[in-house]
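# Inside the fold
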Amino acid sequence: MIQLQLPTSHSAQVFVSVWAEPGMVFFLSLLFLLLQPVHTTLVKVKNCLGYLRPTVFRDGDLVLGGFFPLYNMNQDSEISRISFLLQPKTDVRATRCRSGNYQYVLAFYFAIQEVNKDSHLLPNLTLGFQVYNAFSSDQFTLWSTLLWLSGKMEPLPNYNCQKQTKSAAVIAGTTSAFSAEIGTLLELYKTPQVSYGPFDPMLSDEDQFPSLYQMAPKDSSLAHGMVSLLLHFGWTWVALFISDDLKGEQFLRDLKAELVKNGICVALTEKLPDTKTMYGPSDIAFMSRIRVSSANVHILHGEAGTLITVDLAAEFFLTTGKVWIMAAKWDIVTSEMNHMLHSFHGSFSFSPHKGAIPGFQHFLKTVDPSHYPEDFYFPKLWLHLFHCSPAGSLCGKISNCPENTSFEIVSGVIDMLTMSDSSYFIYNAVYALAHVLHNMLIQKSEMGSSEDTDQPRLLPWQLHLFLKKIQFTNSAGDHISLDKKSNQMPHYDIHNAVNFPAGLGLLVKVGEFVSKSPLGQGLVIIEEMIEWPIGFTETPRSVCSQGCGLGFWKVPQEGRPVCCFACVFCPEGHISNQTDAAQCVPCPTHEYPNSERTRCLPKVVTFLAYQDPLGMALACTALCLSALTAAVLGVFVRHQHTPIVKANNRALSYILLISLTFCFLCSLLFIGRPNTATCTLQPIAFGLVFTVAVSTVLAKTVTVILAFKVTAPGRRMRRLLVSGAPNFIIPSCSLIQLTLCGVWLGTSPPFVDSDTHSEHGHIIITCNKGSVTAFYCGLGYLGSLALGTFMVAFLARNLPDTFNEAKFLTFSMLVFCSVWLTFLPVHHSTKGKVMVVVEVFSILASSAGLLGCIFAPKCYILLTRPEENCLKVLKDRRSSMGNRHFDR
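Description of the structure in this document. All values derive from a computational prediction rather than experimental measurement. (Residues numbered from 1 in each chain as written. Predicted model: local features only at pLDDT ≥ 70, side-chain atom pairs only at ≥ 80, totals over all residues. Heavy atoms only, no water.)

### Considering a nonpolar patch on the surface
Residues Leu-623, Ile-658, Phe-662 and Leu-665 make up a contiguous nonpolar surface patch of about 350 Å² in total accessible area. No other element matches the three residues that helix H17 (residues 650–666) contributes to the nonpolar patch. Summarising the element assignment, Leu-665 is placed in helix H17. Residue Leu-665 is classed as partly exposed on the basis of its relative accessible area, which comes to 33%. (Patch = residues over 30% accessible without salt bridge, like charges linked within 9 Å, V, L, I, M, F, W, Y side chains within 5 Å. Areas by Shrake-Rupley, 256 points an atom, 1.4 Å probe, with all protein chains shown as cover. Salt bridge = Lys/Arg side-chain N within 4 Å of Asp/Glu carboxyl O. Helix = DSSP H or I, 4+ residues; strand = E, 2+ residues; numbered from the N terminus. Buried < 20%, exposed > 50% of the residue type's maximum accessible area, 1.4 Å probe, protein only.)

### Quick word on the packing of helix H15 (residues 613–638) against H17
Across the interface, H15 lies against H17 with an axial gap of 8 Å and an inter-helix angle of 165°. In terms of their interaxial angle, H15 and H17 are classed as roughly antiparallel. Read as a crossing pair, H15 and H17 show a hand that is left-handed. Of the residues in H17, those in contact with Ala-622, Leu-623, Leu-625, Ser-626, Thr-629, Ala-630, Val-632, Leu-633, Phe-636 and Val-637 of H15 are Ser-653, Tyr-654, Leu-657, Ile-658, Leu-660, Thr-661, Phe-664 and Leu-665. Of the residues assigned to the contact of H15 with H17, the class counts are 14 nonpolar, four polar and no charged. (Axes fitted to C-alpha atoms, helices over the stretch in contact; angles between N-to-C directions. Parallel < 35°, antiparallel > 145°, perpendicular 65-115°, else oblique. Left-handed = near helix turned anticlockwise from the far one by under 90°. Contact = heavy atoms within 4.5 Å. Nonpolar A, V, L, I, M, F, W, Y, C, P; charged D, E, K, R; others polar.)

### Section: the nonpolar core
Core analysis: the largest hydrophobic core is formed by 90 residues, its most contacted members being Tyr-102, Leu-106, Phe-108, Tyr-109 and Phe-407. In contact with Phe-407, not counting residues within four places along its chain, are Leu-106, Leu-364, Val-367, Phe-378, Leu-381, Trp-382, Leu-385, Phe-386, Met-416 and Leu-417. Ranked by size, the runner-up nonpolar core spans 62 residues in total, among them Ile-644, Phe-690, Ala-699 and Ile-729. (Core = buried A, V, L, I, M, F, W, Y, C linked by side-chain atoms within 4.5 Å.)

### Here we look at the side chain of Ser-195
In this structure, Ser-195 sits in strand S9 (residues 193–195). The contact partners of Ser-195, leaving out residues within four places of it in the chain, are Ala-172, Gly-173, Ser-179, Leu-212, Tyr-213, Gln-214, Met-215 and Ala-216.

### Digging into the packing of H15 against helix H23 (residues 832–864)
H23 packs onto H15 with a crossing angle of 30° between their chain directions and a minimal axis gap of 10 Å. Viewed along their axes, H15 and H23 adopt a mutual orientation that is roughly parallel. Judged by the twist between their axes, the crossing of H15 over H23 is left-handed. Where H15 abuts H23, its residues Leu-614, Leu-618, Thr-621, Ala-622, Leu-625, Leu-628, Thr-629, Val-632, Val-635 and Phe-636 lie against Val-837, Val-840, Leu-844, Ala-848, Leu-851, Phe-855, Lys-858, Cys-859, Leu-862 and Leu-863. Across the contact of H15 with H23, the residue classes break down as 17 nonpolar, two polar and one charged.

### Notes on the packing of aromatic side chains
Here the structure, examined in full by the defined rule, presents 39 aromatic pairs. Centre to centre, the rings of Tyr-102 and Phe-378 are 5.1 Å apart; their planes meet at 45°, and the pair counts as tilted. Here Tyr-102 is found in helix H3 (residues 102–117), whereas its partner Phe-378 is found in helix H12 (residues 377–386), with 276 residues between them in sequence. Phe-378 matches Tyr-102 in its accessibility class, with the two residues each being buried. Between Phe-790 and Phe-794 the ring centres are 6.2 Å apart and the planes differ by 35°, which places this aromatic pair in the tilted class. Within this pair, Phe-790 and its partner Phe-794 are both found in helix H21 (residues 772–795), separated by four residues, close to a single helical turn. One residue, Lys-554, lies across the ring of Phe-565, its end atom 5.0 Å from the ring centre. Between the NZ or CZ atom of Lys-769 and the centre of the ring of Phe-775, over which it lies, the distance is 5.4 Å. (Phe/Tyr/Trp six-rings, centres within 6.5 Å; stacked < 30°, edge-to-face > 60°. Lys NZ or Arg CZ within 6 Å of the ring centre and 35° of its normal.)

Put into structure tokens, the structure is as follows:
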């Protein structure tokens, strides 16, 4: 619809809306009767909008054909049935103009104008052009191609009505389907076709399309670039919407391989149909799947036709809150889809990198229809945008155009100043063909061809050899090559789609991606420039499971993708100092995790030190008991001539008291920081002094038994007692223990060890026993000796008890054996510092038991009852005991 402001004979202004349709003739007639002064203007408008020709032609020495999607056409319903038995009818009408695509034509014009101005490229020759509409309908795909081949205003298959063709090549192919369809027809004439559409690997098949060349670079790294963008924002849960064709299948394989390699999961994969032209029940289901998808990021890849599925339902379903990453060409999407801008607001678009073409924007700001009077599309667009037409255009002057009329002032309605991907490829295609024609003509002149170089006669098939080898650098500084086997480094621009309230969709460049970039800096994103979709005030998140924080690790959920997991607290001794950790890391042995399991802390080195309350208490106890034993020894030495001291072999009593003193003092070897010396002395000192003590008790017991069993002189027991045989028990038993200790130290001696597990956060320095077998052998021998001593003492318990210590020896050995029998299970169940405490306590308790049970009664008599420590009392007691024994 076009709104015109028309002058009248009165002061009032009249606004007239005009449609370029035959059905409006009646309306125009009434308008003519009512507004006679504007009749002439309306006639011009009607003629301008109704004028439609198959082609726009400008002559030149060589002519390039251009096929661009400028308007749609449909047949009338009564003749829409296709029959191959009848000639195709041409009763068609334009239904919708694609105003945004006219930039393709302007880029085509600009490139040809620049080539014609270049004195070094095709000198003395001018390029002309033929512009045709590229129909998207299957019924009219080949119409324009047949017109171009025949040179007539009506399609005439298999005939060329031009006397001398100047046509060199065709620039076409907004979509791969269009390129493939016309490519089959152009191949009959070996006519080169340079496609400006998205790269399609199918079109690279030289056996099927040997005459087709693609300006777009290979998109083999597109999947890599998209995955890099996902990783940059931490998006690991995505939905895929892929066109259901060979190109889509290939992209899907490449993309899934990259996703799996980088740990990104797919929530939904939707295949978009190749074509769709009417509403159906599947539309609602399709949009519902988009809206309920748990993924906030959707990847869209496909031709414009496959996106119609999204557009159909988007008119009724506002799909917001999703970030789209598009591999489709945005300029095609926006021109094809009316209702998609609100859904794609905040999305990302990957497109091949393009530099700024010098002079192109100035050209767009200054060009108007008068510069191309043969073009009937241009004045229609101008009339639509500015409600006027300048003099010199095909439509002539209509109303007065303001002085500043240009595409710059309508940037809020249609963006013509931002060069699209297709326009960039069209510009490069024109220059590629110009370079090819230039090289070919130079070769002909060098070969001495007699042809007139001012009027060259070229055959289309001759261009192929040069097209395959052409390489040049365009005015933007980008390297251009049509070699299908060239390995150019993929370089993509990343744009952010912004939808303005007026319905204008713009792309803002926010980053780049260069495959195989040095130092791994392939992706560059300027996050401050990004406009996110409606509903997001910050960078969106798209994950199946919320990330695990520090101190947790990811545990996969059975039957679900690897991106779906549960967060589990790190086990004891492990930490996780990063988010979303795949596993927890164990701390070194000298460190321990903090309570949050986020970092390892150095363990405190500890041992049973003298400064510890427990160590200090045990050390003081050992010293006090040692002093007490020394005091008892002093008492016995002072009273050495008294009967109670002499009664049970005072030499053995001295030996026992001295050994007990060393028993108390040897416990000090277990307190303090262990070293090699103390660890080696511990088993020797413990084993020997306790063996001496127990063997002394055994000798005293044997002495008592021998003393009371001797009833007549000359008997063997008397000789044993007189000869001092019990005194040999101590060195014999000690020698056995010394031998065991020597074997222990010779095979596997004790050493300094660290216990990192017994106490949380501490490293306990202990003495490792070395050989556990040797330790228990020494302890077993000592236990056997103690048990034998106890049994011998137990047998002597009923002997007369005047100055007889048999009962005290029995009770002392009972205490000794009870302590060490209790020690065994407790020692086995404890570790670290507690085990050392148990050892020290057992040494002190057992030694104190011997000291107290044997010597406490004697000290009591010596110190408090000295009157009982005499021979007369001894005889009286023996006499009374003998009478009692006789009475029995």
